[in-house]
Amino acid sequence: MWLSLLLLPLLLPGPPPALGMEDASFPHLGESSQPPPRACPRRCSCPRADTVDCAGLDLRVFPDHITRAAQHLSLQNNQLQELPYNELSRLSSLRTLNLHNNLISSEGLPDEAFESLTQLQHIYVAHNKLSVAPQFLPRSLRVADLAANEVTEIFPLTFGEKPALRSVYLHNNQLNNTGLPPDAFHGSQAVVTLSLSSNRLSYVPPSLPSSLERLHLQNNLISKVPRGALSRQTHLRELYLQHNQLTDSGLHAATFSKLHCLEYLDLSHNQLAAVPAGLPHTLAVLHLGRNRIRRVEAARLRGLRGLRYLLLQHNQLGAAGLPAGALRPLRGLHTLHLYGNGLDRVPQALPRRLRALVLPHNRVTTLGARDLAATPSLAELNLAYNRLASACVHRLAFRRLRALRSLDLAGNQLTLLPSGLPASLRTLRLQRNQLRALEPEPLAGLDQLQELCLAHNRLRVGDIGPGTWHELQALQVLDLSHNELSFVPPDLPEALEELHLQGNRISHVGPEAFLSTPRLRALFLRANRLHVTSIAPEAFLGLPHLRVVDTTGNPEPVLVQLPPTAPRRPRAGGP
């Protein structure tokens, strides 16, 4: 009987009768129990009921059939030129709208385009063709990105009256101060990040949100900070003013005095002749590089006990630019960056806890016994490209630096290795000096040294004393490139993994050349005087870890047979 009832619809002509409401939960015979597929615009993907992804499809027209339930719509990386109001107004549930990298102009964006999107929280319209900002954005907005357009004007309700707004990105536009109204952020006192960099502002705009924590104003035309312009931003932690036209007269003594939370201040690439007055005591990073500062006064730094990084590179600090004790108030200073000034000696009375002193490209000619005595905590010392000669480096100059890990003396006029190097060294750079000899005594005790660079000197194998490498038990990288070596130096350190010998006069590599370096992984022999038969076949047999052998740039192509246990990936070539 039940079988007859089931077969009856199949025997009757015409379509089967519609199911009643009480039968709606039962599938038709032969149909799947899965729900019908969700509607999704053609070529787009809809991974969830509330998400429509139409990114990167080269679309020129706003897609049809977007579900009204959509909360997240991605249309970035297309060719859209306009947003149709009728289509957009249907999507009243939208929370995220991504229009990044299209061709949308202000003419293609109706004034009322967003008025029905009352739940919109994130809008991304960066990298389009907008000449003015939308006149109205929804009150619900949290993040607005209009960067990299051609915006010249902002309206009061573009970002105003948005109590939940937290981040606004307007960098890389064409905004001047006239295009940014005084009430641009009225009623939006939750904004913590504002980026106005790379515009045409000539002064710091007044009436910025008092809630700001990060303010980007770099790459503008700012020549002054009006009195009181930053007096309300008491929560500001990061202020970026680099690459502007600030002079000393454009800053007042009270310009920064109300910024009681400021930790990062970048004033680099301006026209300042002095360290600004009234700096907040909370600063951790002060960037003053590439200005015109001739002298640093201790009074301007007094109270900055929490300052960790002071960057003064590429200024005009001469012999009297850093008076003794000028930096003494900076008790917590970690890094002092003085690259590219005119200093003729290491600054005196530096903070005792200093960990990194960066002084390359100055005019330092002497290093006395006590020049570094006040900084026993130094871990990095960079004196590269100064005018140091061996006779002017005292044998006790480094005696107190028991924590020093990196020493850079490249590009000086040294003819001998310095004496008294700290046993704590991990990296020693001496390239581009005038070294003619290596003796074991200066390297004695450097059993933690891992990298030694001696490139671009005048070293010959006969001038390397016996036992020179003996105590360098941890050395992994040795650079002897561009010297005057005629063969591979003998008795190299056993721990060596990388050996640079390029640009020498090596014409022969014998079978015992690398017996002392069984851990060698990379060998550079390019641009020497090697020929086809110059390398003994047995030279690499004891190097199971060897992965790279570079012999390019020699008079003849040199083919290298790597050990059987190593991958066959040698680099070979002709001149």
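In this text the structure is predicted, and so the values were computed from the model without any measurement.

Looking at the overall build of the protein chain
Then, in step 1: The helix and strand inventory of the protein chain stands at five helices and 23 strands.
Then, in step 2: A globule of 575 residues ought to have a C-alpha radius of gyration of about 25 Å, yet the protein chain, at 35 Å, is considerably larger.
Then, in step 3: Once local pairs closer than 6 in sequence are excluded, the contacts in the protein chain between residues at least 24 apart make up 48%.
Then, in step 4: Accessible area of the protein chain: about 27,200 Å², with a carbon and sulfur share of 50%.
Then, in step 5: The distance from the centre of the 57 positive side-chain charges to the centre of the 44 negative ones in the protein chain is 11 Å.

Observations concerning the packing of aromatic side chains
Then, in step 1: This model, assessed by the stated rule, comprises three aromatic pairs.
Then, in step 2: Here Phe159 and Phe185 contribute two aromatic rings whose centre-to-centre distance is 5.9 Å and whose plane-to-plane angle is 10°, an arrangement assigned as stacked. On the criterion of sequence distance, the pair formed by Phe159 in helix α3 (residues 156-159) and Phe185 in the loop between β7 (167-169) and β8 (193-195) is long-range, its members being 26 residues apart.
Then, in step 3: Its relative accessible area of 0% is what places Phe159 among the buried residues.
Then, in step 4: Ring centres of Phe514 and Phe540 lie 5.7 Å apart, and the angle between their planes is 20°; on these two criteria the pair is classed as stacked. Highlighted residues: Phe514 in the loop between β21 (498-500) and β22 (522-524) and Phe540 in the loop between β22 and β23 (548-550), separated in sequence by 26 residues.

A short note on the state of the cysteines
Then, in step 1: As enumerated under the stated definition, the model contains two disulfides in all.
Then, in step 2: Bridging Cys44 to Cys54, the disulfide has an S-S length of 2.0 Å. On the sign convention where negative means left-handed, the S-S torsion of about 115° between Cys44 and Cys54 marks this disulfide as right-handed. One end of the pair, Cys44, is in the loop between α1 (2-11) and β1 (45-48); the other, Cys54, is in the loop between β2 (51-53) and β3 (72-74), and 10 residues separate them in sequence. Each member of the pair Cys44 and Cys54 is classed as buried.
Then, in step 3: Numbered in order of appearance, the disulfide-bonded cysteines of the protein chain are paired 1-3, 2-4.

Things to note about the environment of Val61
Then, in step 1: The residue Val61 is located in the loop between β2 and β3 in this model.
Then, in step 2: Note on Val61: relative accessible area 60%, which makes it exposed.
Then, in step 3: Separated by 22 residues in the primary sequence, Val61 and Leu83 place their C-alpha atoms 8.5 Å from one another.

Overview of the pairing of β1
Then, in step 1: Looking at chain direction, β1 and β2 are connected through two bridges and run antiparallel. Bridge assignment links Arg48 to a residue of β2, and that residue is Thr51.
Then, in step 2: Adjacent in sequence and paired antiparallel, β1 and β2 are bridged by two residues.

Details of the environment of Gln218
Then, in step 1: Looking at the element boundaries, Gln218 is found in the loop between β9 (214-216) and β10 (238-240).
Then, in step 2: Given the relative accessible area of 12%, Gln218 is considered buried.
Then, in step 3: Along the backbone, Gln218 and His314 are 96 residues apart, and their C-alpha atoms lie at a distance of 18 Å.
Then, in step 4: With sequence-adjacent residues up to four places away left out, Gln218 is seen in contact with Ser197, Ser198, Tyr240, Leu241, Gln242, His243 and Asn244.

A look at the pattern of salt bridges
Then, in step 1: Evaluated as defined, the whole model comprises nine salt bridges.
Then, in step 2: For the salt bridge of Glu484 with Arg460, the shortest nitrogen-to-oxygen distance reads 2.9 Å. With Glu484 in the loop between β20 (477-479) and β21 and Arg460 in the loop between β19 (451-453) and β20, this residue pair connects regions lying 24 residues apart in the sequence.

Regarding the side chain of Thr551
Then, in step 1: The topology assignment puts Thr551 in the segment after β23.
Then, in step 2: A distance of 3.0 Å separates a polar atom in the side chain of Thr551 from the backbone oxygen of Val558.

Describing the side chain of Asn362
Then, in step 1: Positionally, Asn362 belongs in the loop between β15 (356-358) and β16 (380-382).
Then, in step 2: Of the residues examined, Asn362 reaches a relative accessible area of 6% and is grouped as buried.
Then, in step 3: A distance of 3.0 Å separates a polar side-chain atom of Asn362 from the backbone oxygen of Leu338.
Then, in step 4: Among the polar contacts listed, one links the side chain of Asn362 to the backbone nitrogen of Asn341, at a separation of 3.2 Å.
Then, in step 5: Those residues within four positions of Asn362 in sequence are excluded, and the remaining contacts are Leu338, Tyr339, Gly340, Asn341, Gly342, Leu343, Tyr385 and Asn386.

Let's talk about the confidence of the model for the protein chain
Then, in step 1: For the protein chain, per-residue confidence averages 91 on the pLDDT scale, and residues scoring 70 or more make up 91% of the total.
Then, in step 2: Taken together, the stretch residues 1-33 has pLDDT below 50 and engages in three contacts with residues farther than four places along the chain or on a different chain.

A short note on unusual backbone geometry
Then, in step 1: The phi angle at Arg43 is positive, at roughly 75°, despite the residue not being glycine.
Then, in step 2: Of note, Arg43 is situated in the loop between α1 and β1.
Then, in step 3: Here Ser198, not a glycine, exhibits a phi torsion of approximately 55°, which is positive.
Then, in step 4: Along the chain, the position of Ser198 falls in the loop between β8 and β9.
Then, in step 5: Since its relative accessible area comes to 22%, Ser198 is described here as partly exposed.

About the cut-offs
- Residues numbered from 1 in each chain as written.
- Predicted model: local features only at pLDDT ≥ 70, side-chain atom pairs only at ≥ 80, totals over all residues.
- Heavy atoms only, no water.
- Helix = DSSP H or I, 4+ residues; strand = E, 2+ residues; numbered from the N terminus.
- Rg over C-alpha atoms; globule rule 2.2 N^0.38 Å.
- Contact = heavy atoms within 4.5 Å.
- Areas by Shrake-Rupley, 256 points an atom, 1.4 Å probe, with all protein chains shown as cover.
- Lys, Arg positive; Asp, Glu negative; His and termini not counted.
- Charge placed at Lys NZ, Arg CZ, Asp CG, Glu CD.
- Phe/Tyr/Trp six-rings, centres within 6.5 Å; stacked < 30°, edge-to-face > 60°.
- Buried < 20%, exposed > 50% of the residue type's maximum accessible area, 1.4 Å probe, protein only.
- Disulfide = S-S within 2.5 Å.
- Pairing = 2+ DSSP bridges.
- Salt bridge = Lys/Arg side-chain N within 4 Å of Asp/Glu carboxyl O.
- Polar contact = N/O pair within 3.5 Å; in protein donor to acceptor, adjacent residues only side chain to side chain.
- pLDDT = per-residue confidence, 0-100.

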